[in-house]
Amino acid sequence: MSRLVTIQIDKQYLKFSSGHFTIFSATSRERLHGHNFAVRASVTFPVDDTGISFDYKVFKDAMRSVCDRLDEYTLIAANSKHLTIEEDGEFYKIWHDNKYMLLRQDETILLPIFNTTIEEFSSYVLNDLLSDKSMIDDNDVRFVSVGVSSGPGQWADSTWSKNNEND
């Protein structure tokens, strides 16, 4: 019988610097500003009598890849019910509360999330990791937790469990 082990992945290079604004309601939002977001993960898997189950570098590489894709962009919540997004030449016209801002399309990422918060970012990164089913299935991963921080002492974690994957 194998035992379960949880590896914590919290490397200094797992970060992205991005502009964003949190939307509070149809009439209230933060001003556009930026953060240096940090990313971490916990991965639980069985370990056999060799003392290792798999090379979890695949998780570090996948996490670095998503951080690199988000780095130095303005991130917009494409699924927000309080935003209207239009293309205007080389720009996105982002409408909120009857006002708009123009953002260069080549410097902006429209993410399939409801708000640009650490809660949504942690879910986004987790889903990106889980999209590679072979990484999960081939390594018999049982549990993954992904955290995103917008600053020291403030984290949001999203989790997935093999036992609850049909929920």
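Residues numbered from 1 in each chain as written. Predicted model: local features only at pLDDT ≥ 70, side-chain atom pairs only at ≥ 80, totals over all residues. Heavy atoms only, no water.

**Thoughts on the pattern of salt bridges**
Put simply, the rule is: Salt bridges are defined as contacts in which a side-chain nitrogen from Lys or Arg sits within 4 Å of a carboxyl oxygen from Asp or Glu. Exposed residues in this analysis have more than 50% of their type's maximum accessible area, buried residues have under 20%, and partly exposed residues fall in between, with area computed by a 1.4 Å probe over protein chains only. Working definition: helices are DSSP H or I runs of at least four residues, strands are E runs of at least two. Numbering for both runs from the N terminus.
In the structure shown here, the tally under the stated rule is nine salt bridges. One salt bridge connects Asp 88 with Lys 93, and the closest N-O pair in it is separated by 3.8 Å. Relative accessible area serves as the criterion here: at 34%, Asp 88 is assigned to the partly exposed category. Given the relative accessible area of 15%, Lys 93 is considered buried. Between Arg 104 and Glu 90 there is a salt bridge, with its nearest N and O atoms 3.7 Å apart. Here Arg 104, found in strand β7 (residues 99-104), pairs with Glu 90, found in the loop between β5 (84-88) and β6 (91-96); they are 14 residues apart in sequence, far enough to count as distant.

**Describing the packing of aromatic side chains**
For the record, the criterion: Between the rings of Phe, Tyr and Trp (Trp by its six-membered ring), a pair exists once the centres lie within 6.5 Å; its type follows the angle of the planes, with under 30 degrees stacked, over 60 edge-to-face, and the other angles tilted. Two conditions define a charge located above a ring, namely a distance within 6 Å from the ring centre to NZ of Lys or CZ of Arg, and an angle within 35 degrees of the ring normal.
On inspection of all chains with the given rule, the structure shows four aromatic pairs. Judged by centre distance (5.9 Å) and plane angle (85 degrees), the ring pair of Phe 16 and Phe 121 falls under edge-to-face. One end of the pair, Phe 16, is in strand β2 (residues 15-20); the other, Phe 121, is in helix α2 (residues 118-130), and 105 residues separate them in sequence. The exposure classification of Phe 16 matches that of Phe 121, with both residues buried. Here the aromatic rings of Trp 95 and Tyr 100 are separated by 4.8 Å at their centres, their planes lie at 50 degrees, and the arrangement is tilted. On the accessibility criterion, Trp 95 (26% relative accessible area) is partly exposed. For Tyr 100, a relative accessible area of 44% translates into the label partly exposed. The rings of Phe 16, Phe 37 and Phe 121 are connected pair by pair, giving a single aromatic cluster. Over the face of the ring belonging to Phe 21 we find Arg 29, whose NZ or CZ atom lies 4.6 Å from the ring centre.

**Regarding the environment of Met 101**
Where we set the bar: By definition, residues are in contact when any of their heavy atoms lie within 4.5 Å.
Examined against the element boundaries, Met 101 turns out to sit in strand β7. Once the C-alpha coordinates of Met 101 and Val 5 are considered, the two residues, 96 residues apart in sequence, prove to be 48 Å apart. Sequence-distant contacts of Met 101, that is, excluding residues within four places in its chain, are made with Phe 21, Arg 29, Tyr 92, Lys 93 and Ile 94.

**Overview of the packing of helix α1 (residues 57-70) against α2**
Any two packed helices are characterised by the angle at which their axes cross and by the distance between the axes. Here is the rule we go by: Inter-axis angles, ranging from 0 to 180 degrees, are taken between N-to-C directions of lines fitted to C-alpha atoms, where helices are fitted over the stretch in contact. Note that the term roughly parallel is reserved for angles under 35 degrees, roughly antiparallel for angles over 145, roughly perpendicular for angles of 65 to 115, and oblique for everything else. Definitions for this section: a left-handed crossing has its near helix turned counterclockwise from the far helix by less than a right angle. A right-handed crossing has that turn clockwise.
At their nearest, the axes of α1 and α2 sit 10 Å apart, and the two run at 130 degrees to each other. If you check the angle between α1 and α2, you find them oblique. The way α1 lies across α2 gives a crossing that is right-handed. Residues Phe 59, Ala 62, Met 63, Val 66, Arg 69 and Leu 70 of α1 touch α2, and the partners they reach there are Tyr 124, Val 125, Asp 128 and Leu 129.

**Thoughts on unusual backbone geometry**
Across residues other than glycine, the phi torsion is negative in most instances, and most of the peptide bonds are trans. Phi is positive for Asp 97, which is not a glycine, with a value near 55 degrees. For Asp 97, the position within the fold is in the loop between β6 and β7.

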